[in-house]
Amino acid sequence: MCDVVKSNFDSLYPQIEKSLKSAAFIAIDSEFSGLISNSKFKRSLFDSGKENYLKMKHGIEQFIIFQFGLSVYHFNRERNEYAADIYNFYIFPHSFGSVDHKFLCQSSSWEFLCRYNFDFNMVAYKGISYLNNQQEKIIRKEFQENSCILNDAENLQAKKIIQEECSKILEWCLTAKINDSTYVDLNGIDFRLEYFLHKEIRRRFKQVWTYSEVLKIRIVMLSEEEVSKLETTHGRKLEETLLRNLLGFSKIFKLLVDLKKPIIGHNCFLDFMIAYNQFYAPLPTSYDVFKKNIHFLFPHVFDTKFMSYEVRRILMKEDKKVTVWPGNSLVELYEYFRDSKPLVSHIPKIIINDGIKEPAVEKRVHHACWDAYMTGFCFIYLAHFKAVENLGRNAISRPLSRTEHLAGVALYENCVNLMRCNIPFINFSGKDPPSNRPKSLHVRRKDLKAVDIYEITELLSSFGSVDVKSDGQGGALVAAARNSVYFDILWFYKGNEEFRIVPYFPLAHSRVIKSVLWSGIAISSGLVLTYLLSILRTSS
């Protein structure tokens, strides 16, 4: 496992790039600064896919990813082995020019991360910068217009440092000869102030040129003619270097987009939405446009949470006595596959490169890189089972190729689990599925008083996951997550003295629809009556 921060990002990038290019698939995970900015954006079992997306968009677009985990899996067919390269990226925005990132933090999310010993100092002090496409365009434009300035928070201290260094250089220039050099120490100075130091030194001293070296700037005395040539040939290199530093982790995101490798996540809809907004472009207002764009960026997405539901259904159908994973959380899945007897034979061996030993689950859970590793681990087990199932249990027993593993789960490609919605998953590459939730329930008090939504929610939540909303007529509508919850509520409240709970039928329970129907009947009756009267008048 390798922690990647701004001080080692450039040196590690070639290694990471090489690993990603040769990957069989890439598992991801992320940790966020928050999850929901306002309770009015809370998702509901009543929501369609579009409504779910729009609520999430408004609820999360001001949150950011603090930590991004990559577990890059490579397959060795001869050894029937997957080996993982694990990278843990700490990410934090850097301001420059008019680009000054603003983001929200949610205390409950921070408390959650603190329980798992998340290192916020690594984020704030060592986090890698990033820009989305829109921010990159703004900075490029400011470069062209030569309008980049230090922001107000940095201005006074930066001016002081620049003035002190320029005073030293002026004193040196009084005795320096052609090709003589001196240095500016960059200890404690970040890449943005380094850029302004270069620019100001070159502006003030027409016979010197500056070069970036490790933790210092080298200043060389040259003729004005040589300086002029360097300005022509190397004048924009400062901007290129600065932009590369500002882009930071966005280079990894762009590489993932360019490679089009299979991307594996666990319950990863939120990961994709925040990553899109943070590293690519502001989230579109259109649900269909988002689906189209995310599929263009990542055409091969697999969600192990969705896959686990589907594979579990297959196993339970084949053998109701079979012992399957107790729940579909990442840790429950991982511990089941790690500790239980494999569902089928010839499961590939899974190792971590560089001889790293896996820490105990409780010491690594909710650290993005280890969650990514566990996600990839579960994907291999699920994909291998499905591949064997598709080939036939009675087929020749043998190790399978990575192509066969991916083909085994092709049916699940681009199906991403949705937590609270009236559809079970979003399909990034096509039409969303029909709802598999039970119909709504309708609740009324038998004494005809208005139903207390909070009371009903508290009462019915004891049966399982439900959402409750007003029907606008003093009653309430209830959405249940599962059929078992739906029927348990109906059975328990059958003949209840206080509440009448029945399946919801719009014709019977919606005042609006009833009004429309009665209006239609009245209009039709009026037209018929008018017609009959006109016939009577004609005949008379």
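Residues numbered from 1 in each chain as written. Predicted model: local features only at pLDDT ≥ 70, side-chain atom pairs only at ≥ 80, totals over all residues. Heavy atoms only, no water.

Quoted verbatim from the Sequence similarities (unreviewed entry) heading of the UniProt record, the comment on the chain is "Belongs to the CAF1 family." (UniProt positions renumbered as here; feature names shortened; annotations may be inferred.)

Turning to the overall build of the chain, a few remarks are in order. Secondary structure summary: the chain contains 21 helices and 16 strands in total. Taken over the C-alpha trace, the chain has a radius of gyration of 31 Å; the compact-globule value for 540 residues is 24 Å, which it surpasses by more than 25%. Evaluated residue by residue, the chain yields a buried proportion of 49% over its 540 residues. Look at the contacts in the chain between residues 6 or more apart in sequence, and 72% of them connect residues 24 or more apart. (Helix = DSSP H or I, 4+ residues; strand = E, 2+ residues; numbered from the N terminus. Rg over C-alpha atoms; globule rule 2.2 N^0.38 Å. Buried < 20%, exposed > 50% of the residue type's maximum accessible area, 1.4 Å probe, protein only. Contact = heavy atoms within 4.5 Å.)

Here three strands make up an open sheet; going across it, the order is β5-β7-β6 and the pairing antiparallel. The sheet is open, and its two borders are formed by β5 (181-185) and β6 (208-213), each paired with just one other strand. Taken over all neighbouring pairs, the strand axes of this sheet differ in orientation by 25° on average, direction set aside. In this structure, β6 lies alongside strand β7 (residues 216-221), joined through six bridges in antiparallel fashion. Note that in β7 the partner of Tyr211 across the bridge is Arg218. In the packing of helix α7 (residues 191-204) onto the sheet, the strands contacted are β5, β6 and β7, and the crossing angle to β6 comes to about 165°. (Pairing = 2+ DSSP bridges. Axes fitted to C-alpha atoms, helices over the stretch in contact; angles between N-to-C directions.)

Below, the discussion takes up the pairing of strand β10 (residues 349-352). Of the two faces of β10, the one lined by Ile350 and Ile352 is fully buried and the one lined by Lys349 and Ile351 carries no buried residue. Sheet topology places strand β4 (residues 81-90) next to β10; four bridges connect them, and they run parallel. From the neighbouring strand, Tyr82 faces β10, where its bridge partner is Ile350.

Strand order in this open sheet of four strands is β14-β15-β13-β16, and the pairing throughout is antiparallel. The sheet is open, and its two borders are formed by β14 (466-470) and β16 (499-503), each paired with just one other strand. The mean inter-strand angle of the sheet, taken between neighbouring strand axes irrespective of direction, is 25°. Judged from the five bridges that link them, strand β13 (residues 441-445) and β16 form a sheet pairing that is antiparallel. Paired with Leu441 across the two strands is Pro503, which belongs to β16. Sheet strands in contact with helix α18 (residues 453-460) are β13, β14, β15 (476-480) and β16, and its direction is about 160° off that of β14.

On to the side chain of Gln106, then. Structurally, Gln106 is set in the loop between β4 and α3 (107-115). Taking relative accessible area as the criterion, Gln106 reaches 18% and is therefore assigned buried. Beyond its immediate chain neighbours, meaning those up to four positions away, Gln106 contacts Ser33, Gly34, Leu35, Ile36 and Phe63.

Each domain of the chain was delimited in the assignment, giving domain 1 (2-130 + 250-427), domain 2 (144-245) and domain 3 (441-509). In this structure, domain 1 and domain 2 have C-alpha centres spaced 43 Å apart. Taken residue by residue, the interface counts seven residues in domain 1 and 10 residues in domain 2. In total, about 760 Å² of surface goes out of reach between domain 1 and domain 2, with carbon and sulfur atoms giving 58% of it. For the pair domain 1 and domain 2, the interface holds one residue pair in polar contact (both at pLDDT 80 or more). (Domains from an automatic or database assignment. Buried area = accessible area lost by both parts, 1.4 Å probe. Polar contact = N/O pair within 3.5 Å; in protein donor to acceptor, adjacent residues only side chain to side chain.)

What follows concerns the side chain of Lys291. Along the polypeptide, Lys291 turns up in helix α12 (residues 287-297). On the basis of relative accessibility, which here comes to 7%, the residue Lys291 falls in the buried class. Side-chain polar atoms of Lys291 contact the backbone oxygen of Gly430, separated by 2.8 Å. The contacts of Lys291, once residues within four sequence positions are left out, are Ile426, Asn427, Phe428, Gly430, Lys431 and Asp432.

Quick look at the packing of aromatic side chains now. According to the stated counting rule, one finds 51 aromatic pairs in the structure shown. When the centroid spacing of 5.6 Å and the interplanar angle of 25° are considered together, the rings of Phe96 and Phe196 count as stacked. Pair noted here: Phe96 is in the loop between β4 and α3 and Phe196 is in helix α7, with a separation of 100 residues, a long-range link. Across this residue pair, the class does not change: Phe96 and Phe196 are buried. In this structure, Lys469 packs its charged tip against the face of Phe46, placed 4.4 Å from the ring centre. (Phe/Tyr/Trp six-rings, centres within 6.5 Å; stacked < 30°, edge-to-face > 60°. Lys NZ or Arg CZ within 6 Å of the ring centre and 35° of its normal.)

We now examine the layout of surface pockets. In this structure, the largest pocket encloses a volume near 1000 Å³. Residue lining of the largest pocket: 35 residues in total, with Phe32, Leu35, Asn267, Leu270 and His366 positioned closest to the centre. Every element with two or more residues in the lining of the largest pocket is listed here: β2 (25-32), α2 (49-60), α3, α11 (269-280) and α14 (330-339). Considered as a void within the structure, the second largest pocket measures approximately 770 Å³ in volume. Around the second largest pocket sit 24 residues that line it, and Tyr309, Arg313, Arg437, Ala481 and Arg482 are the ones nearest its centre. No other element matches the eight residues that helix α13 (residues 304-318) contributes to the lining of the second largest pocket. Each of two domains, domain 1 (2-130 + 250-427) and domain 3 (441-509), supplies a minimum of three residues to the lining of the second largest pocket. (1 Å grid on protein atoms, 1.4 Å probe; cavity = no way out; pocket = protein on both sides within 12 Å on 5 of 7 lines; lining within 4 Å. Points joined across faces, edges and corners; volume = space filled by probe spheres on them.)

Moving on: the nonpolar core. Counting 62 residues, the largest nonpolar core has Leu70, Phe89, Phe269 and Phe298 as its most contacted members. Here this core takes eight residues from α11, the largest share from any one element. Leaving out residues up to four positions away in the same chain, Phe269 has contacts with Asn52, Tyr53, Met56, Phe290, Val416, Asn417, Leu418, Ile426 and Phe428. (Core = buried A, V, L, I, M, F, W, Y, C linked by side-chain atoms within 4.5 Å.)

Another point: helix α19 (residues 483-492). Burial in α19 covers these residues: Val485, Tyr486, Ile489 and Leu490. Axial view of α19: buried residues confined to an arc of 130°, hence all on one face. Buried residues along α19 sit in contact with β13, α18, β14, β15 and β16. (Arc of directions from axis to C-beta.)

Turning to the pairing of β4, a few remarks are in order. Taking burial as the measure, the 10 residues of β4 include 10 buried ones, the bulk of the element. Burial along β4 is two-sided: Glu81, Ala83, Asp85, Tyr87 and Phe89 and Tyr82, Ala84, Ile86, Asn88 and Tyr90, pointing in opposite directions, are all buried. Two elements, strand β1 (residues 2-4) and β4, share three bridges in a ladder whose sense is parallel. Its bridge partner lying in β4, Cys2 is registered against Tyr87. Of the pairings in the sheet, the one linking strand β3 (residues 65-76) to β4 comprises 10 bridges and is antiparallel in character. Bridge assignment links Gln67 to a residue of β4, and that residue is Tyr90. With antiparallel pairing between neighbouring strands as the criterion, β3 and β4 make up a hairpin whose turn holds four residues, including Asn80 at a positive phi of roughly 50°.

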